[in-house]
Amino acid sequence: MRVITLLLTAFMLIACSQDEEAVPQKEIVDLGHDYFSFANSDQFVTSHIALDLTVDFELRELRGLATLNMQRLDPTATDIILDTRDLHIDGILVNGTEAAFEYSEQDPVLGQALKITLPAGLEQQSDFKLSIHYKTDPTASALQWLPPELTAGGEHPYMFSQSQSIHARSWIPLQDTPSVRITYEANIHTPANLLAVMSADNDPLTPRSGEYHFNMPQPIPSYLLAIAVGNIYFAPIGAQTGIYTEPEMLDASTFEFSSTQKMLETASEIYGPYQWGRYDLLILPPSFPYGGMENPRLSFITPSVLAGDQSLVSLIAHELAHSWSGNMVSNDTWRDIWLNEGITSYLDSRLMEVLFGEDRANEERVISYRDLLQGLTEISPVYQALAPTVRLDDPDESQGSLHYKKGQLFLETMEEAFGREVFDPFLTGYFNHFAFQSISSEQFLDYLDENLLTAQPGKFSREQAEQWLYQPGVPDYARIPHSETLDQAERLAGAWAVGEVSVDNIPMSDWSPHAAVHFINNLPSDLDEDQLGELDSSFGFSATRNAEISRAWFIQVAKRRYQPAYEAMETHLNRYGRTRLIKPVYVALAKNGDDTELAHQLFKAAKSSYHPLTITAIEIGFNKAKQGL
Ligand SMILES: [Zn+2]
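The notes below deal with the structure included here. All values reported here derive from a predicted model rather than from experimental measurement. What you see as residue numbers is a count from 1 along each chain, following the sequence as written. In view of the model being predicted, local features appear only for residues whose pLDDT reaches at least 70, and side-chain atom pairs are presented and counted only at 80 or more, with totals across whole chains, interfaces and linings using the full set of residues. Side-chain metrics in this entry use all non-hydrogen atoms of the structure; hydrogen atoms and water are not considered.

## Some points on the overall build of the protein chain
Put simply, the rule reads: By the criteria applied, helices consist of DSSP H or I runs no shorter than four residues and strands consist of E runs no shorter than two, each listed in order from the N terminus. The globule rule used for comparison is 2.2 Å times the number of residues to the exponent 0.38, while the radius of gyration itself is calculated over C-alpha atoms. Burial classes: relative accessible area under 20% of the type maximum marks a residue as buried, over 50% as exposed, and values in between as partly exposed (1.4 Å probe, protein chains only).
Per the secondary structure count, the protein chain includes 18 helices and 21 strands. Computed over the C-alpha atoms, the radius of gyration of the protein chain is 25 Å, within 12% of the 25 Å expected from 2.2 N^0.38 for a compact globule of 629 residues. Projected onto its principal axes, the C-alpha coordinates of the protein chain cover approximately 85 × 60 × 50 Å. Taking all 629 residues of the protein chain together, 58% fall into the buried category.

Here it is as structure tokens:
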């Protein structure tokens, strides 16, 4: 019933969006404008940022100087507006002359606009430098400051950033919009025994001195600015690839991610040369909120994919694939994020297919498709368009993971229509054409139309492409992925539940973690406690160190209120900080009808080891659960 009501609302909105007079003004998005930034980047644009920052673990702050090279686009403009969040600014110089500045009121999502009035005499000047002396707040939303006890080694503090989507503004005053691309350099001062790394030209041979210099010569959007400081060491994987992490995780990481160099070579063969020099991985402490973050030249990776058997390395394929889609060709605004995540999800599954075979790639495609179907029941239809024409509330939340999975399916459907022999060169041409630019969904659509749809007529129409971009749900001609192994897992889950097969006949040890997850997700809803106990004792779900199996199992434990596994569930919630692994368990617990209070208690107890972004995401989950969403 609820789904039908929502669908009706969506169709009304879409119908309305074609009829401007019938739509309230706030529903129409100015498609080219990034409404998640205050910056007047149509009047002034930043080309380069130089940072000189001291990393102070005692005060939990970065402090120093940011120098922005600015170019004037509008000769009449007199004020520069930058994005900030909780920054403390001591003074601003424009070409060496002190400039007046003021903040707007705090916005809970956007932070504060910083208005800088250009000193008199600069009206005719087209290029100038803004020098901003500032420090960050200990609560900066991009930064996590870990005490030694929350690191693998337990002896040294650790700090890392997560700028996407709109958190760079909490550690650097800047034009925080993906439509502006910048090069950057940085001098970073740290305690002498720690190493700093950035999304830049990390040199594996850098001496550990506490004084580090970085340069990023390719222009990147601000959400790819990244830094980490800790007891970090390096080990090579291949000629261009290596691992940075704490010494305690170095051996496990080099083994787990040994396929990285091969992945890079495979991707370069299909989609054109890798454009960024080195590609290294930084394996972070457990509180890293995401699976991975595609910071250029240095992907930030959760340690939760250290499964010991390379079974979760599709994450590396994903972050690496961003070197083409996302980092090289970026989304112009956050409504275009599917160009980044959807195309990358398509590419990562192609890489997995070459490296680990079609069966495994298909298993992952089916899991992604099932997640998409689930997402369609949870995400408001107005946000189900790949490129929504209504305003998003929050770039980190509104679409869930729908833009990844629906975007992937869109490309797989087109791939099927044209064949890989046509579709692969098309994508390579697309990456070349828009290299180091930020583009909108409409620019993609026009390029697609001209170079594929019209060039190869009769296979896939512009109207069909627009259906994916602007309408909710999934078209009925979508290419549905299929996996024999997952079908078997699903069949056996049902057959075991009704007593047709015994646990001994379930080949769990032969299955990939994806098949195990699929088995768990397809267990019927009416299992009794003895049956859940039989599964747990036969397959060791509560004790597994495979984070994906653990996640799937504890969601079921929480949903079904299977109390014998609650202690192990608490261990899971304390072991991982990655939002994907813990938020759905908390939410399932809060929604099972009896354990809302317990969910809040467990969260309160574990919270100090979570990243601010994870905390916010779980709190949003709790609030939605409270409203019955
Ligand atoms: Zn991604």
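## So, the side chain of glutamine 164
Rule in force here: What makes two residues a contact is simply this: any of their non-hydrogen atoms within 4.5 Å.
Relative to the assigned elements, glutamine 164 resides in the loop between strand E10 (158-161) and strand E11 (181-189). Ignoring any residue separated from it by four or fewer positions in sequence, one finds glutamine 164 in contact with Tyr223, Tyr290, Met293, Glu294, Trp334, Ile337, Asn340, Glu341 and Asp396.

## Quick notes on the nonpolar core
Heads up, the rule is: Here, nonpolar core refers to any group of buried Ala, Val, Leu, Ile, Met, Phe, Trp, Tyr and Cys residues whose side-chain atoms link them within 4.5 Å.
Judged by nonpolar contacts, the single largest core of 142 residues is most densely connected at Trp171, Phe410 and Tyr430. A total of 8 residues in this core trace back to one element, the largest contributor, which is helix H5 (residues 337-356). When neighbours within four sequence positions are excluded, phenylalanine 410 is seen to be in contact with Trp338, Leu386, Phe444, Leu448, Phe460, Ala465, Trp468 and Leu469. The next biggest cluster of nonpolar side chains, apart from the first, holds 53 residues, and it includes Trp511, Met569, Leu581 and Ala606.

## A word on helix H9 (residues 441-453)
Keep this limit in mind: Under the convention used throughout, the expected extent of a helix is 1.5 Å for every residue step, that is, one less than its residue count.
Here H9 is 13 residues long, yet its end C-alpha atoms lie only 16 Å apart, well below the 18 Å a rise of 1.5 Å per residue gives. Buried residues of H9: Ser441, Glu442, Phe444, Leu445, Tyr447, Leu448, Asp449, Leu452 and Leu453, and no others. Where the residues of H9 are buried, they touch H5, helix H7 (402-418), helix H8 (420-433), strand E21 (437-439) and helix H10 (462-470).

## With respect to the pairing of strand E14 (residues 227-230)
Where we set the bar: Pairing between strands is defined by DSSP: at least two bridges between the two strands are required.
With burial as the criterion, each face of E14 is covered, one bearing Ile227 and Val229 and the other bearing Ala228 and Gly230. Here 2 bridges tie E10 to E14, and the two strands are oriented antiparallel to one another. Counterpart to methionine 159 in the pairing with E14 is valine 229. In this sheet, E14 lies alongside strand E12 (residues 195-198) in antiparallel orientation, the contact comprising 4 bridges. Its bridge partner lying in E14, valine 197 is registered against alanine 228.

## Things to note about the sheet that holds strand E17 (residues 279-283)
For clarity, the cut-off: For helices, the fitted axis covers only the stretch in contact; all axes are lines through C-alpha atoms, and the angles between them, taken along N-to-C directions, range from 0 to 180 degrees.
Ordered by their spatial adjacency, 5 strands build an open sheet running E15-E16-E17-E19-E18, and the pairing between neighbours is mixed. Of all the strands in the sheet, just strand E15 (233-236) and strand E18 (292-293) have a single pairing partner and so form its edges. Taken together, the 2 bridges between E18 and strand E19 (residues 298-301) define a ladder with antiparallel strand orientation. From the neighbouring strand, glycine 292 faces E19, where its bridge partner is isoleucine 301. Across the sheet, helix H2 (residues 247-256) is in contact with E15, strand E16 (241-245) and E17; its angle to E16 comes to roughly 150 degrees.

## Some thoughts on the pattern of salt bridges
Our working definition: Basic side-chain nitrogens of Lys or Arg form a salt bridge, by our definition, when they fall within 4 Å of a carboxyl oxygen of Asp or Glu.
Following the criterion strictly, the structure yields 25 salt bridges and no others. One salt bridge in this structure joins arginine 360 and glutamate 364, with 3.6 Å as the shortest N-O distance. Taken together, the positions of arginine 360 and glutamate 364, both in helix H6 (residues 358-378) and 4 residues apart, correspond to about one turn of that helix. The same class applies to arginine 360 and to glutamate 364, which are both buried.

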